[in-house]
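Analysis of the macromolecular model
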Amino acid sequence: LNRYNVFYRDPYDRLVSAYKDKVLRNDGAYIRQEQVCPASMYNHPPAPLLTFPQFVSCVINQASSEVKNLTQFGAGENLDSHWKPQTLLCNFCVTDFNIIGHLEHMDDDVSCAVRQLGMKSAATPHVNMSPSNHSISHWYNQLNSTLRLRLSELYSHDFRLLQYSDKAPTDDGM
């Protein structure tokens, strides 16, 4: 009997994490190597290679290059797996998942999975955690309303199917 479990993360948190890891870390080596954005967009030191709004613009532009309606299922198929909509990474129609968990309450979801598998409880170590020196709203406060709207469109299926709020986490709640 095959058992499949999958864990998802809030799309807004995931995008900030990808930005921190792939743009800010190692002077943007990943972004340069994968040619995510046109080199003409890159900033000169000491500024970061791309600001968060520039990075979001690149993601939106890439996704828009194949479809104009970002709410269409499949929009973002051409994106890097680190910021591709999560609903495009796992085929819900083919795979019968036993547990669809959320990273935000992973300990509880893993405990449930362990019980279903008839195993003894296991600790879930937190690895690959990025230091959080800014709140998530710090990053989304930098985006204008158009970029926020386009992001909510791009990740609309993630928000709906994975039960996350589509409201960008900003200080003003917009």
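Below is a short write-up of the structure. (Residues numbered from 1 in each chain as written. Predicted model: local features only at pLDDT ≥ 70, side-chain atom pairs only at ≥ 80, totals over all residues. Heavy atoms only, no water.)

Turning to empty space enclosed by the protein, a few remarks are in order. Per the stated rule, a full pass over the model turns up one cavity of 30 Å³ or more. Space inside the largest cavity adds up to approximately 30 Å³. If you go around the largest cavity, the residues you meet are Leu70, Gln72, Phe73, Gly74, Ala75, Pro85, Thr87, Leu88, Leu154 and His157. The residue makeup of the lining of the largest cavity, split by class, is six nonpolar, four polar and no charged. (1 Å grid on protein atoms, 1.4 Å probe; cavity = no way out; pocket = protein on both sides within 12 Å on 5 of 7 lines; lining within 4 Å. Points joined across faces, edges and corners; volume = space filled by probe spheres on them. Nonpolar A, V, L, I, M, F, W, Y, C, P; charged D, E, K, R; others polar.)

One can describe the packing of helix H1 (residues 11-24) onto helix H3 (residues 52-64) by two numbers: an axis separation of 11 Å at closest approach and a directional angle of 105°. Taken together, the axes of H1 and H3 lie roughly perpendicular to each other. The segment H1 lies against H3, with Leu15, Val16, Tyr19 and Val23 engaging Phe52, Phe55 and Val56. Its residues placed into classes, the contact of H1 with H3 shows seven nonpolar, no polar and no charged. (Axes fitted to C-alpha atoms, helices over the stretch in contact; angles between N-to-C directions. Helix = DSSP H or I, 4+ residues; strand = E, 2+ residues; numbered from the N terminus. Parallel < 35°, antiparallel > 145°, perpendicular 65-115°, else oblique. Contact = heavy atoms within 4.5 Å.)

Let us now look at helix H6 (residues 145-154). When H6 is considered as a whole, its buried residues turn out to be Leu147, Arg148, Leu151, Ser152, Glu153 and Leu154. Between a side-chain oxygen at the N-terminus of H6 and the backbone nitrogen of Thr146 the separation is 3.0 Å; the capping residue is Asn144. (Buried < 20%, exposed > 50% of the residue type's maximum accessible area, 1.4 Å probe, protein only. Polar contact = N/O pair within 3.5 Å; in protein donor to acceptor, adjacent residues only side chain to side chain.)

With a phi angle near 55°, Asn26 is a residue other than glycine that sits in the positive phi range. Along the polypeptide, Asn26 turns up in the loop between H1 and helix H2 (29-34). Residue classification places Asn26 among the exposed residues on the basis of a relative accessible area of 57%. Phi is positive for Asp27, which is not a glycine, with a value near 55°. By secondary structure assignment, the location of Asp27 is in the loop between H1 and H2.

Before going further, it helps to examine the packing of aromatic side chains. Counted by the stated rule, this structure contains eight aromatic pairs. Summarising the aromatic geometry, the rings of Tyr12 and Phe159 are spaced 5.0 Å apart at their centres and angled 35° between planes, so their arrangement reads as tilted. Taken together, the residues Tyr12 in helix H1 and Phe159 in helix H7 (residues 156-161) connect sequence positions 147 residues apart. This pair shows no difference in class: Tyr12 is buried, exactly as Phe159 is. The aromatic ring of Tyr30 is capped on one face by Lys22, whose charged end is 4.6 Å from the ring centroid. Sitting over the face of the ring of Tyr42, Arg32 holds its NZ or CZ atom 5.6 Å from the ring centroid. (Phe/Tyr/Trp six-rings, centres within 6.5 Å; stacked < 30°, edge-to-face > 60°. Lys NZ or Arg CZ within 6 Å of the ring centre and 35° of its normal.)

What follows deals with the environment of Asn43. Topologically, Asn43 is positioned in the loop between H2 and H3. Asn43 gets classed as partly exposed once you look at its relative accessible area, which sits at 23%. Along the sequence, Asn43 and Gln54 sit eleven residues apart, while their C-alpha atoms lie 9.7 Å from each other. Other than its neighbours up to four places away in sequence, Asn43 contacts Pro48, Leu49, Leu50, Thr51 and Gln54. In terms of polar contacts, Asn43 uses its side chain to reach the backbone carbonyl oxygen of Pro48, at 3.1 Å.

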